[in-house]
Amino acid sequence: MTIGGEARNDSGQRFGVMTRSLSSFPDIIRAVEGLPDTITFLGTAGARFVVTKQFLASGGAWLNFGGTEILLDPGPGCLVQSVKRKLDASRLKAIILSHKHLDHSGDINIMIEAMTEGGWKQRGVVFAPSDALDKDAVILPYLQNYPQEIDILSEGKSYSIEDISFETPVKHRHPVETYGFVFRTPRHTLSWITDTKYFGALSRYYRAELLIMNVVMLESRDGVDHLSIPEARQIIEEVKPKAAILTHFGMSLWRAKPWELAQKLSEDTGIKVIAARDGMRFDLARLEEL
Ligand SMILES: [Zn+2]
């Protein structure tokens, strides 16, 4: 696509202006292709004490993909964190739950109420694994007809929300039914490896330009089904994204200063690694600068 410039009396000059590529006009590209894709971290806490003491917030993430707003894993404090940041739940098109553990689902009921304005406006889609709705449901039965639809997540499936699609490529190794996501917007791909014990094929399922990972531990520990820093490093080396973001920090990892660990991972892998911060808003247009 090209864009016109001012007319000149010399046709050769005018031709030169007329054929300037749109890539010289990033603002126009954005106007043409839609609003930017952004992720706002409403929390970065990942283990029981970091959540229950609120050393870090635990509200999940607010995705805005070209104006399509999606809430991921509304943990405890999501309502407060989102209102504080002037994010309006009545604009949400979907709420996605990776799994029913409380640090991911604590505020899901109130966020369904907020999305549907107390149930008065039937709108939005809720995506959740079946065990979040059946036995020991974390989504209260009386709210289940508030959204337009509830879609059950299952392994190897693909879903869409307006012009955004996402996949749940593989069932994670975690005590309850858990999925990660590969999102495709008209502009970018990003994958989010939510809670899981490490397994060798993980990186094969989550190839994308931006890789986000829930990394709870400094070192892996038997019996704890979460990723650690050495495992995250291996996944980054295998996926080779343009950038990786670490979040969902447990206590040992938080004490070790995640931003310093991210810096070290960047140096070791040659890939930009960022430690998420509470309230951080990441614009995926930044990937083009890396
Ligand atoms: Zn979990």
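Residues numbered from 1 in each chain as written. Predicted model: local features only at pLDDT ≥ 70, side-chain atom pairs only at ≥ 80, totals over all residues. Heavy atoms only, no water.

Colleague: Provide a residue-level description of helix H8 (residues 229-239), including the pertinent values.
Modeller: Of all the residues in H8, the buried ones are Ile-229, Glu-231, Ala-232, Ile-235, Ile-236 and Val-239. The arc enclosing the buried residues of H8, seen along the axis, measures out at 155°, which places them on a common side. (Buried < 20%, exposed > 50% of the residue type's maximum accessible area, 1.4 Å probe, protein only. Helix = DSSP H or I, 4+ residues; strand = E, 2+ residues; numbered from the N terminus. Arc of directions from axis to C-beta.)

Colleague: Go over the coordination of the zinc ion with me, naming the residues and quoting the values.
Modeller: Within the protein, the atoms that donate to the zinc ion are His-99 (NE2), His-101 (ND1), His-174 (NE2) and Asp-195 (OD), at distances of 2.2 to 2.4 Å. For the zinc ion, the four donor atoms in the first shell make angles of 89 to 173° at the metal, so the coordination geometry reads as irregular. (Donors = N, O, S within 2.8 Å, 3.2 Å for Na, K, Ca; no water. Tetrahedral: all angles 85-135°; square planar, octahedral: opposite > 155°, others 65-115°.)

Colleague: Summarise the pairing of strand S13 (residues 243-247); cite the residues concerned and give the values.
Modeller: Two faces make up the sheet, and in a regular strand the side chains alternate between them. Within S13, five of the five residues are buried, which leaves it mostly tucked inside the rest of the structure. Residues Ala-243, Ile-245 and Thr-247 point to one face of S13 and Ala-244 and Leu-246 to the other, with burial holding for every one of them. Bridge analysis of strand S11 (residues 210-217) against S13 gives five bridges, and the strand direction is parallel. Of the residues in S13, the one forming a bridge with Leu-210 is Ala-243. Pairing of S13 with strand S14 (residues 272-275) involves four bridges; the strand directions are parallel. Bridge pairing links Ala-244 to Val-273 in S14. (Pairing = 2+ DSSP bridges.)

Colleague: Before we move on, could you go through the packing of aromatic side chains and cite the residues and values that matter?
Modeller: According to the stated counting rule, one finds 10 aromatic pairs in the structure shown. Plain terms: the ring middles of Phe-127 and Tyr-159 are 5.7 Å apart, the flat faces sit at 75° to each other, and that makes the pair edge-to-face. With Phe-127 in strand S5 (residues 125-129) and Tyr-159 in strand S7 (residues 157-161), the pair connects residues that are 32 residues apart, well separated along the chain. Tyr-159 matches Phe-127 in its accessibility class, with the two residues each being buried. Note on Tyr-142 and Tyr-146: the rings are 6.2 Å apart at their centroids and 85° apart in plane angle, and the pair reads as edge-to-face. (Phe/Tyr/Trp six-rings, centres within 6.5 Å; stacked < 30°, edge-to-face > 60°.)

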